[in-house]
Amino acid sequence: MKGPVGVGLIGAGNISDQYLTQLTSYPDLAVRFVADLLPERARRQADRYGVPAAGTVDELLARDDVEIAVNLTLPATHAVVTSAALAAGKHVWSEKPLATDLAAGTALVEQADAAGLRLGCAPDTVLGAGLQAARRMIERGDIGRPLTAAATMQYAGPHRWHPAPDFLYQAGGGPLLDVGPYYLTALTQLLGPVTRVAARGAGAGPTRVIGRGPRAGEAVEVTVPTYVTAIYDFAGGAVGQLTLSFDSPLTRVGVLEVAGTAATLATPDPNLFTGDVRLARPGETGWTAVPVDGVPGGRGLGVLDLARALRTGRPHRATGRLGLHVLEAMLATAESVERGRFVTVGSGFEPVPPLPPGFDPTERTL
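Bear in mind the structure is a predicted one, so any value in this text is a computation, not a measurement. (Residues numbered from 1 in each chain as written. Predicted model: local features only at pLDDT ≥ 70, side-chain atom pairs only at ≥ 80, totals over all residues. Heavy atoms only, no water.)

**Q** Please set out the sheet that holds strand β6 (residues 119-121) residue by residue, giving values where relevant.
**A** Either a parallel or an antiparallel arrangement is found when strands of a sheet pair, and the pairing is made through backbone hydrogen bonds. In spatial order, the strands read β3-β2-β1-β4-β5-β6; together these six strands make up an open sheet with parallel pairing. Each of the sheet's edge strands pairs with one partner strand only, and the pair in question is β3 (54-55) and β6. When strand β5 (residues 91-94) meets β6, the two strands line up parallel, connected through three bridges. Looking across to β6, one finds that V92 is bridged to L119. Docked against the sheet, helix α1 (residues 16-23) engages β1 (5-10), β2 (29-35), β4 (68-71) and β5, running at close to 170° with respect to β1. (Pairing = 2+ DSSP bridges. Helix = DSSP H or I, 4+ residues; strand = E, 2+ residues; numbered from the N terminus. Contact = heavy atoms within 4.5 Å. Axes fitted to C-alpha atoms, helices over the stretch in contact; angles between N-to-C directions.)

**Q** Just give me the short version of the nonpolar core, but keep the residues and values in it.
**A** Counting 102 residues, the largest nonpolar core has L9, Y19, L23, L29, V70 and V303 as the members making the most contacts within it. The contact partners of V303, leaving out residues within four places of it in the chain, are V7, Y19, L23, L29, I68, V70, W93 and D124. (Core = buried A, V, L, I, M, F, W, Y, C linked by side-chain atoms within 4.5 Å. Buried < 20%, exposed > 50% of the residue type's maximum accessible area, 1.4 Å probe, protein only.)

**Q** Report on the pairing of strand β12 (residues 239-245), specifying residues and quantitative values.
**A** In summary, the side chains of a regular strand alternate between the two faces of the sheet. In terms of burial, β12 is a largely internal element, five of the seven residues being buried. Pairing of strand β7 (residues 146-154) with β12 involves seven bridges; the strand directions are parallel. Opposite A150, over in β12, you have Q241 as the bridge partner. Here seven bridges tie strand β11 (residues 227-234) to β12, and the two strands are oriented antiparallel to one another. In the strand pairing of β12, Y232 is matched with G240. What sits between β11 and β12 in their antiparallel hairpin is a turn of four residues, with G237 showing a positive phi close to 105°.

**Q** Kindly report on the sheet that holds β7, identifying the contributing residues and their values.
**A** Taken in spatial order, the nine strands make up an open sheet running β16-β15-β14-β13-β7-β12-β11-β8-β17, and their pairing is mixed. The outermost strands of the open sheet, each flanked by one partner alone, are β16 (288-290) and β17 (343-344). Of the pairings in the sheet, the one linking strand β8 (residues 194-202) to β17 comprises two bridges and is antiparallel in character. Each bridged residue has a counterpart across the sheet, and for R196 the counterpart in β17 is T344. Where helix α8 (residues 180-191) meets the sheet, it contacts β7, β8, β11, β12 and β13 (252-260), and its direction lies at approximately 15° from that of β13.

**Q** Describe the pattern of salt bridges, and please don't skip the residues or the numbers.
**A** In total, this model carries 19 salt bridges according to the counting rule given. Close ionic contact of R341 with E335 constitutes a salt bridge, the shortest N to O distance being 3.7 Å. Assessed through its relative accessible area of 27%, E335 is described here as partly exposed. Beyond isolated ion pairs, a larger network of salt bridges with shared partners links D166, R215 and E218. (Salt bridge = Lys/Arg side-chain N within 4 Å of Asp/Glu carboxyl O.)

**Q** Describe the side chain of H325, naming the residues involved and giving the relevant values.
**A** Residue position: H325 is located in helix α10 (residues 320-339). Since its relative accessible area comes to 0%, H325 is described here as buried. Of the polar contacts made by the side chain of H325, one reaches the side chain of S347; its length is 3.0 Å. With residues near it in sequence (within four places) discarded, H325 still touches T188, P193, V194, V345, S347, G348 and F349. (Polar contact = N/O pair within 3.5 Å; in protein donor to acceptor, adjacent residues only side chain to side chain.)

**Q** Tell me what's going on with α8, and back it up with residues and numbers.
**A** Here α8 is 12 residues long and its end C-alpha atoms lie 16 Å apart, about the 16 Å a rise of 1.5 Å per residue gives. Counting buried residues along α8, 12 of its 12 residues qualify, which places the element largely inside the surrounding structure. Taken together, the buried positions of α8 are G180, P181, Y182, Y183, L184, T185, A186, L187, T188, Q189, L190 and L191. Where α8 ends, the next residue or the one after it, G192, has phi of about 95°, a positive value. (Expected span 1.5 Å × (residues − 1).)

**Q** Which residues make up the environment of T148, and what are the values?
**A** Topologically, T148 is positioned in strand β7. Sequence-wise, T148 and V239 are 91 residues apart; in three dimensions their C-alpha atoms are separated by 4.8 Å.

**Q** Tell me what's going on with the pairing of β13, and back it up with residues and numbers.
**A** Bridge count between β7 and β13: seven bridges; the pairing is antiparallel. Bridged to T152 within β13 is V255. Two elements, β13 and strand β14 (residues 264-266), share three bridges in a ladder whose sense is antiparallel. Residue pairing for β14: V258 is matched across the bridge by L265. If you look at the hairpin formed by β13 and β14, you'll find three residues sitting between the two strands.

Okay, structure coming up:
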């Protein structure tokens, strides 16, 4: 096929604004349908972003002009919705996590492979100009041999700003499965697959009180750890430490540093598409800023890379198999919290080259 790749969104909630803003700005994509359990909500989003049609999930899956289904549903329904889209012959981009259990995630990768369909998984922040620049620096040897990594994300929790944060404090959520994919995906792209993990977890209490929106003042049940700290071994020999917390009055986000034999590299926030890249070398005082070239992009950059790869026949970068590996690493982290011991991570992923420095999502290439 030629021309823009047809895209349909499933799920018209909070995150859909970010996706629709970006996807409708990429000339190589044509957003043709928005679907939601509440068709009127889908219609509002479609009208807001100039998408020509909206309705139910079944209507989206029946359309021949939708080649890629973008799954923006709640984590608990990711696997069911992705499987239905694959069964309908659609390539799929899923928001993170790929699934909430390893068996379901594995089944999705196998289903896509058997059908000859593309499966991609967020986060695509690793395709942003900032983290891509950091990856190229490590592969070029700018920091020598990577030895250790340290990453931190901590703040008081999403109940303070999210109007319906229930899912963020229950199975499939918490800081580990909600924010962990950004940091772990970035770490795997810089250091290779995770091989094992040891972790501890804790929580500040059984409920949180919603701070904003129509449900402000309502208590939300907490069923997962709201503080997790873990040590990861990576296939290349490096060791990394990651702390994730919804329990900290002090906000500290976007911290990811990789120390090598020649220098320490600080990356941009793994939850963003660009930002400062800095180096610290022995004998120098403070950090040295490194210029970052390229168009930052935004949520949906992975959809665009998948679409261009689909048309040209090359591998896409944020694959379902990478998403499955990160899911296994997170579930192994949760298991380590429960059992108090190291847990092995058995999966891996096929490495793909970084984006070329001149990659421009706003360019028409198809």
